[in-house]
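# Chain and residue survey
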Amino acid sequence: MSIFEYNGSALVAMVGKNCFAIASDRRLGVQLQTIATDFQKIYKIHDKLFIGLSGLATDAQTLYQRLVFRHKLYQLREERDMKPETFSSLVSAILYEKRFGPYFCQPVIAGLGDEDKPFICTMDSIGAKELAKDFVVAGTASESLYGACESMFKPDMDAEELFETISQALLSSVDRDCLSGWGGHVYVVTPTEVSERILKEFVAKRPESVVHILLSPTVCPNPPNPLPPVRSPSFAPPGPPSITFPCSRHHPLANTLRPGVTSIGYPLF
Amino acid sequence: MESVFGLVGKDFAIVVADSSAVHSILVHKTNEDKIMLLDSHKLMGASGETGDRAQFTEYIQKNVALYQFRNGIPLTTAAAANFTRGELATALRKNPYMVNIILAGYDKDIGPSVYFIDYIASLHKVDKAAFGYGSYFALSMMDRHYRKDMTVEEAVDLVDKIIMEIRSRLVVAPPNFVIKIVDKDGAREYGLA
């Protein structure tokens, strides 16, 4: 197993209209074993700048400590916060310093720059920057994340819609990756506020609308006559009433996200 | 392979380690103490390379004591955990210590806490942690039976269940375990006065 896949991680950042969102999964593992389901991978540098660090957890922690140190020094000298563009150049330089013995991390940087213009970027473990206008991804689930983001992303979403989109993209991607998941941690940042939300699997943010959509074992082309009731997953919390439908195609909310997509086993927002 | 595990209770923390010192097929010792008392209210259970384990835990213990001598107040558990992680991280790319650590402590205003520190210096504050082949059984048993705010009796009962599971299901099961507990009255071996 590659050193980048030792702990497992999934990170994504997206740009909206005068806002950005950055999200991560919550798993800390040691190869196949899960150690914790509340591990933080996104760190705040200042109110309008966040960095997510995927890859090896020990290097992520070391790198974060070094970056906070450098930023605090910068604040003392310049008497202001660092701009996201500047910070990403700093991260890139620090990573390239270790070119022949690198930190095994892939950072995702998201911030609001001059005039609160959202800025996101990612880089590889030796500091090759990739600026993007729409979204950036990193981690063991990055390939799934690319696909999910590419199809779900729209430009100029507002904060609420951005939160829904990034959450869906994150959850659906980590569900296909055994090394990341166990919920999500989403920060949505606008010029006036920072909201931090935790996504738990199988719990909707609006309890009345918890829906477990279960794929039936065989394709169901016709609306069902009374079929035997489908049991919801035993590990789903008992709380709010859940509505189950025998076939995901016939769920009323299916195909509303976008044509052909039905979510599996977690709430549609 | 050495088993160490620990968990947080209502106002105490428990660390358990097996007590066999093994080299290849030979059992050198069956009463090895792998849980070091860092100071009056901290325990460090360690597993891994025997020499590294003994040497590194003693190094941390002496540095924790030095801080108290120099500054007049003891380190908090979080500070001790971060110091340990720092030492492991610095050594990682030069001369790594192959030691996995479960650090448990009790702070007056914070209460009990347990920290998981990998041999490659990944640090995380947890409610329950385990290392070694025994971790496969310990973590599963704890996932099933652990609750927040367990009493000492309940926690020791869970520890007993875990030890029984390790003994019965692990082919190279260690025969003896050491249990140490830390609470507001200090760190001590469980079962001793």
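Overview of the structure. (Residues numbered from 1 in each chain as written. Chains lettered and ligands numbered in written order. Predicted model: local features only at pLDDT ≥ 70, side-chain atom pairs only at ≥ 80, totals over all residues. Heavy atoms only, no water.)

### A few points about the pattern of salt bridges
As a reminder of what qualifies: By salt bridge we mean one thing: a side-chain nitrogen of Lys or Arg within 4 Å of a carboxyl oxygen of Asp or Glu. Each helix corresponds to a stretch of at least 4 residues labelled H or I by DSSP, and each strand to a stretch of at least 2 residues labelled E; elements are numbered beginning at the N terminus. Burial status follows relative accessibility: with a 1.4 Å probe on protein chains alone, a residue under 20% of its type maximum counts as buried, one over 50% as exposed, and anything between as partly exposed.
Under the defined criterion, the tally for this structure stands at 22 salt bridges over all chains. Across the pair R197(A) and E160(A) runs a salt bridge, and its minimum N-O distance is 3.7 Å. Pair noted here: R197(A) is in strand β12 (residues 194–199) and E160(A) is in helix α4 (residues 159–174), with a separation of 37 residues, a long-range link. Of the residues examined, R197(A) reaches a relative accessible area of 25% and is grouped as partly exposed. Note that E154(B) is salt-bridged to R147(B), the shortest N-O span being 3.0 Å.

### Here's the deal with the interface of chain B and chain A
The accessible area lost on association of the parts is a frequent measure of interface size. Here is the rule we go by: We call two residues contacting when some pair of their heavy atoms lies within 4.5 Å. Summed over both partners, buried area is the accessible surface (1.4 Å probe) that two parts give up on being assembled. By the criterion applied in these results, polar contacts are pairs of N or O atoms within 3.5 Å in which, for protein atoms, one can donate a hydrogen and the other can accept it, and in which residues neighboring in sequence qualify only through two side-chain atoms. Ten residues, namely Ala, Val, Leu, Ile, Met, Phe, Trp, Tyr, Cys and Pro, are considered nonpolar, four, namely Asp, Glu, Lys and Arg, are considered charged, and the remaining ones, Gly among them, are considered polar.
With 17 residues of chain B at the contact, the number on the chain A side is 22 residues. Counting the surface lost from both chain B and chain A, the interface buries some 1300 Å², and carbon and sulfur atoms represent 47% of this. Between chain B and chain A we count 1 salt bridge in total. When the shortest N-O distance is used, the salt bridge between R93(B) and D59(A) registers 2.8 Å. At the surface where chain B touches chain A, the tally comes to 10 residue pairs in polar contact (both at pLDDT 80 or more). At the level of elements, α2 (77–92), β9 (123–126) and α3 (134–145) of chain B are the ones that each hand at least two residues to the side of chain B that touches chain A. Classifying every residue of the side of chain B that touches chain A gives 10 nonpolar, 4 polar and 3 charged.

### So, the sheet that holds strand β10 (residues 135–139) of chain A
All names here are of chain A. To keep things clear, this is the line we draw: In this description, strands pair whenever DSSP reports at least two bridges between them. Geometry is summarised by axes, namely lines fitted to C-alpha atoms with helices restricted to the contacting stretch, and by angles between N-to-C directions that run from 0 to 180 degrees.
Taking strand neighbours across the sheet as the criterion, the 5 strands line up as β10-β1-β2-β11-β12 in an open arrangement whose pairing is antiparallel. Here the strands that pair on one side only, and so sit at the sheet edges, are β10 and β12. The sheet shows a mean angle of 10° between the axes of neighbouring strands, direction not considered. Inspection of the sheet shows strand β2 (residues 20–25) paired to strand β11 (residues 184–189) by 6 bridges, in the antiparallel sense. Within the sheet, the bridge partner assigned to S24 lies in β11 and is H185. Set on the sheet, helix α3 (residues 142–152) makes contact with β1 (10–15) and β10; between it and β10 the angle comes to about 160°. On the sheet, α4 packs against β1, β2, β11 and β12 and is oriented at approximately 155° with respect to β1.

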